[in-house]
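Descriptive analysis of the structure
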There are 2 protein chains.
Amino acid sequence: MSTTTSPASKPAAGQVRAATTPGAAGASSATTAGGRVALRQEALHAAIADPAMDSMRILSETAMRFPDALSFSSGAPYDGNHDLADLSFHIDRYVKHLQERGVPQHRITRTLFQYGPVNGFIQDDVAQMLRQDENIDVPAEAVMITHGFQEATLVALRGLFAGPDDVLLSVSPAYVGIRGAARMLDIPVEPVGEGPDGLDPEAVAAAARAVRAGGRRPVALYLVPDFSNPSGTVLPLEARRRLLEVAAEEHLVVLEDNPYGLFARDGEAMPTLKSLDTAGRVIYLGSFAKSAFPGARLGYLVADQPVTGADGTTRTLAQELSRAKAMFSVGSSSLSQAVVGGILVENGHTLRPATRDLAAVYLERLQVTLDSLAEHFPPERHAEHQVRWNTPRGGFFLTVDVGFEAGMAEMERCARDYGVSWAPMSMFHIGGGGERQIRLGFSNLAPEAIREGIARLARFISESPLA
Amino acid sequence: MSTTTSPASKPAAGQVRAATTPGAAGASSATTAGGRVALRQEALHAAIADPAMDSMRILSETAMRFPDALSFSSGAPYDGNHDLADLSFHIDRYVKHLQERGVPQHRITRTLFQYGPVNGFIQDDVAQMLRQDENIDVPAEAVMITHGFQEATLVALRGLFAGPDDVLLSVSPAYVGIRGAARMLDIPVEPVGEGPDGLDPEAVAAAARAVRAGGRRPVALYLVPDFSNPSGTVLPLEARRRLLEVAAEEHLVVLEDNPYGLFARDGEAMPTLKSLDTAGRVIYLGSFAKSAFPGARLGYLVADQPVTGADGTTRTLAQELSRAKAMFSVGSSSLSQAVVGGILVENGHTLRPATRDLAAVYLERLQVTLDSLAEHFPPERHAEHQVRWNTPRGGFFLTVDVGFEAGMAEMERCARDYGVSWAPMSMFHIGGGGERQIRLGFSNLAPEAIREGIARLARFISESPLA
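In short, a report on the structure. (Residues numbered from 1 in each chain as written. Chains lettered and ligands numbered in written order. Predicted model: local features only at pLDDT ≥ 70, side-chain atom pairs only at ≥ 80, totals over all residues.)

It is worth spelling out the overall build of chain A at this point. Of regular secondary structure, chain A possesses 17 helices and 18 strands. At 24 Å, chain A has a C-alpha radius of gyration in line with the 23 Å of a compact globule built from 467 residues. Projecting the C-alpha coordinates of chain A onto the three principal axes gives extents of approximately 70 × 65 × 50 Å. Expressed as a percentage of its 467 residues, the buried residues of chain A come to 57%. (Helix = DSSP H or I, 4+ residues; strand = E, 2+ residues; numbered from the N terminus. Rg over C-alpha atoms; globule rule 2.2 N^0.38 Å. Buried ≥ 20, exposed ≤ 12 C-beta atoms within 10 Å, placed from the backbone.)

Structure representation (structure tokens):
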């Protein structure tokens, strides 16, 4: 009501406020610095001030602040096989592919330079890959190309979650990006704790029922069935089947995130939930960060569920969700799509053979990490230091239990004083947990660096007082 | 509370529901098709079913459905100057730039292939360009590279809008992307109508006061001061200064969107609001869709306001907003950044000279459109057909008043029967308006096509009964 610069009685959340009366501004309002607007973090959306939203940045900045530390902090993929020449090669390969299909040159140029379809232009290439590599048989119209897994998740959540009582169930511990996407859309998340074999389907059913008993609606469940980040668990086949039954019984959409399944040992690849999904319960969220490269920021969403509009027409859920994608970022980068499209074409639309060498790299690194831990902590020392670790069959991560609280402050001390960094497991837990565990990401460290890193970590653990 | 598959009494919004009892499902719940999940559009987030969110898609599909129609529907930039070879050239140019600055080759390779900083790696290049081209002097830390203007908007809105009573003021008519971004975040938008000289600052003040009088908080104002989409208006200098005063008085952040300012006539370029913004009221939202190319999906956000965290440290608002950006899409495409970075480097970090020829192309197209309209509708025919149009000094669009309702159905009929398409102005109005106006986007049509298109449009208008 006031048109002057005096602060209103209730500070506006997210509102820039010039506090011309020093000291009169409320706690969440802005202050001035030399007549210019200044803000307090609390005045912004609550997610901005949430330390959980910032943990990834803190981890990556730690790597920059302590450049001499060997970093087990991240899940960055191996990049020793990257060559700048590949970029133009694959763009050219995709252009040639379009030429071979008879697309006129001016349309190819337009595809690369102009505004393109919101859902992308390489959906058919991705659908072909999914048929060969994952036994997922969906039409191109069920695929949406996105700015990485993260945007695929955001789009799926936005479409499915309509009101404040709609709740997301998530495996816990979980990749922070799922909590983050939900938080940005003000979607509440309820954790479902996992065991050594991943999520127990009955625990999912119980969590859904508990949410419903509280007067809210469980809408979807997020999980990584294959080599979960951060726990490395793999959901057994029988649990996969039962989970789909539970999803039907509890009216849940399953959001299946599968960044690491491609790197399973020969003969150990598990069927994705989506490939088992005869009822249309699953939305599959994919990424080319690990199979191509992270810089492309390219991922995809598979949603073949039919959606009927008010006019009676039916489109796939992926097509329907294009309205959300359009308002998040319009289409995805044409360059990134062309490079990934070129990689898919060049490899006959199957990435499994092409990534076999890469899988071997990761499996070796996992083994070296396990061997080094065993060397420094032989069984007779486990009790003394309260050290234990899990033995994943693949993926990018393993978890070490330690006998003391290992949070961000301890990680920074370890990076500074011991020259090795990692990630506190507590940052992946929803609603508490993991305070005495650390996550080791070994995917971006050469075997020699892993051996040295584990030696440094062993010194840190040995010298940390149990508490 | 039920754990069976029978539908609960209240259908869950956004919830997939298997209606095993045919006919028992509520209107907004899912139905089954052969035992598979099927959805009704109403079960999804309300924005998905909102026709306003889908108008862009309908326009672009119309172009595909009626390939023989000349399209004034879009604001796609001129693409006659695009050459596929430019892509590798500019990537190479950026790589060379990094080499010249002494960046080791393995770090360059990592920059292109690996996960990168959330806020991007070409902020300094963009900051240099802003100093030269827009007289906007901010440090690189105040710049965030985004997946186009659309993501920049989404990030800014997410950060600034904290609760359900926070309201966005927007110029009306406006680009649908602003309403769309707000809608996806459940942010209410209040329109501020504009006149022939764009927004009246006093109308902005009145709108802010009205929102406050209704018990809600006006947090920010969105506008395009230069050649607004769709109206083509340019805000006069005095109004720019007054608008910044109003923003201070009403505690508003100004979201300045400037896709077309680069293409002003020689000597007519206006200072951006951000360059006049001594108080830090403005967040500047930029795009390379028009100065480089749309396929790159690259834009940026300029937010130099200092934000103090709970720990007393101060960072720029752009840095603070990286927490939202991280959860929307992590970093932006490295390929797109390298290409745009290469363009900036190659042009000495100023795009004004490089885009002079392009500006001439658009100004010619504007003139041909105006001349063709004048030819078909000489002054003596204006009254007969109730036809009038505005005369923008630049930009991509002009507006034609017609003597009948011109909605999406009329546009489709015009495309089918008369071979020319356009955009209904009503789709840009917030809260109604523009029902008897059409927007002509002339940026992607050659002069000859414009002449033919206006001739076809004139037939359509002449043959449409006034009503």
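Continuing now.
You can overlay chain B on chain A at an RMSD of 0.0 Å; the transform is a turn of 180° with a shift of 0.0 Å along its axis. The symmetry that links the two subunits is that of a two-fold axis. Comparing interface residues between copies, 98% of those in chain B also lie at the interface in chain A; the contact surface is shared. (Least-squares fit on C-alpha atoms with pLDDT ≥ 70 in both. Contact = placed C-beta atoms within 7 Å.)

Below, the discussion takes up helix H12 (residues 322–329) of chain A. All names here are of chain A. The element H12 is largely enclosed, with a buried count of eight among its eight residues. Those residues of H12 lying buried are Ser322, Arg323, Ala324, Lys325, Ala326, Met327, Phe328 and Ser329. In the stretch just after H12, valine 330 is the one whose phi turns positive, near 55°.

Take the interface of chain B and chain A next. With 103 residues of chain B at the interface, the matching set in chain A holds 102 residues. Where strand S3 (residues 39–40) of chain A lies against strand S12 (residues 306–308) of chain B, two bridges are found, and the strand directions are parallel. Considered in S12 of chain B, the bridge of arginine 40 of chain A is made with threonine 308 of chain B. (Pairing = 2+ DSSP bridges.)

All names here are of chain B. Reading across from one edge, S14-S15-S18-S17 is the order of the four strands in this open sheet, with antiparallel pairing throughout. The open sheet is flanked by strand S14 (388–389) and strand S17 (423–424), the only strands paired with a single partner. Alignment of S14 against strand S15 (residues 397–401), held across two bridges, turns out to be antiparallel. Bridge assignment links arginine 388 to a residue of S15, and that residue is aspartate 401.

Residue and element names in this part refer to chain B. Strands sit in the order S5-S11-S10-S9-S8-S6-S7 across an open sheet of seven strands; the sheet is mixed. A strand with exactly one partner marks an edge of an open sheet, and here the two such strands are strand S5 (143–146) and strand S7 (189–193). Neighbour-to-neighbour, the strand axes of this sheet turn through a mean angle of 20°, independent of strand direction. Examined bridge by bridge, strand S10 (residues 282–287) and strand S11 (residues 299–302) share four bridges and lie antiparallel to one another. Bridging from a neighbouring strand, glycine 286 pairs with tyrosine 300 of S11. (Axes fitted to C-alpha atoms, helices over the stretch in contact; angles between N-to-C directions.)

For the rest of this paragraph, the subject is the nonpolar core. If you look at the biggest cluster of nonpolar residues, it comprises 290 residues, and the most contacted ones within it are Leu301 and Val302 of chain A together with Leu301 and Val302 of chain B. Beyond its immediate sequence surroundings of up to four residues, leucine 301 of chain A is in contact with Met144, Thr146, Ala152, Val155, Ala156, Ile283, Leu285 and Ala318 of chain A. (Core = buried A, V, L, I, M, F, W, Y, C linked by C-beta atoms within 7 Å.)

This brings us to the packing of helix H2 (residues 51–65) of chain B against helix H7 (residues 176–184) of chain B. Pairs of packed helices are described in terms of their axes, by the angle between the two and the distance that separates them. Residues and elements named next belong to chain B. Between H2 and H7, whose axes approach to 9 Å, the crossing angle comes to 135°. The orientation of H2 relative to H7 falls into the category oblique. Helix-helix and strand crossings are classified by hand; for H2 and H7 the assignment is left-handed. Along its contact with H2, which presents Ala52, Met53, Ser55 and Met56, the element H7 presents Val176, Arg179, Gly180 and Arg183. Tallied by class, residues from the contact of H2 with H7 come to four nonpolar, two polar and two charged. (Parallel < 35°, antiparallel > 145°, perpendicular 65-115°, else oblique. Left-handed = near helix turned anticlockwise from the far one by under 90°. Nonpolar A, V, L, I, M, F, W, Y, C, P; charged D, E, K, R; others polar.)

Take the environment of valine 340 of chain A next. Residues and elements named next belong to chain A. Position of valine 340 relative to the elements: it lies in helix H13 (residues 334–346). Using a count of 28 C-beta atoms within 10 Å as the deciding quantity, one classes valine 340 as buried. As for valine 340 and phenylalanine 288, which are separated by 52 residues in sequence, their C-alpha atoms are 7.7 Å apart.

All names here are of chain B. For threonine 233, the position within the fold is in the loop between strand S8 (217–223) and helix H9 (237–249). Since 25 C-beta atoms lie within 10 Å of it, threonine 233 is described here as buried. Separated by 36 residues in sequence, threonine 233 and aspartate 197 place their C-alpha atoms 5.6 Å apart. Those residues in contact with threonine 233 that lie beyond four places of it in its chain are Glu194, Pro196, Asp197, Gly198 and Ser228.

Our focus in this paragraph is unusual backbone geometry. With an omega of 0°, the peptide bond running from serine 172 of chain B to proline 173 of chain B counts as cis. Of note, proline 173 of chain B is situated in the loop between strand S6 (166–172) and H7. The omega torsion across asparagine 229 of chain B and proline 230 of chain B is 15°, close enough to zero to call that bond cis. Its location among the elements puts proline 230 of chain B in the loop between S8 and H9. Located in the positive-phi region is histidine 251 of chain A, a residue other than glycine, with phi close to 60°. Turning to its location among the elements, histidine 251 of chain A is positioned in the loop between helix H9 (237–249) and strand S9 (253–257).

Residue and element names in this part refer to chain B. Burial of strand S18 (residues 437–441) is extensive: five of the five residues sit out of reach of the surface. By the alternation rule, side chains of S18 split into Gln437, Arg439 and Gly441 and Ile438 and Leu440, which are all buried. For S15 and S18, the ladder comprises five bridges, and the chain directions are antiparallel. Counterpart to phenylalanine 397 in the pairing with S18 is glycine 441. Bridge analysis of S17 against S18 gives two bridges, and the strand direction is antiparallel. If you follow proline 424 over to S18, its bridge partner there is isoleucine 438.

So, on to helix H6 (residues 148–160) of chain B. Given a rise of 1.5 Å per residue, 13 residues ought to cover 18 Å, and the 19 Å separating the end C-alpha atoms of H6 of chain B matches this to within 8%. Summarising burial for H6 of chain B: 13 of the 13 residues are buried, a large majority. (Expected span 1.5 Å × (residues − 1).)

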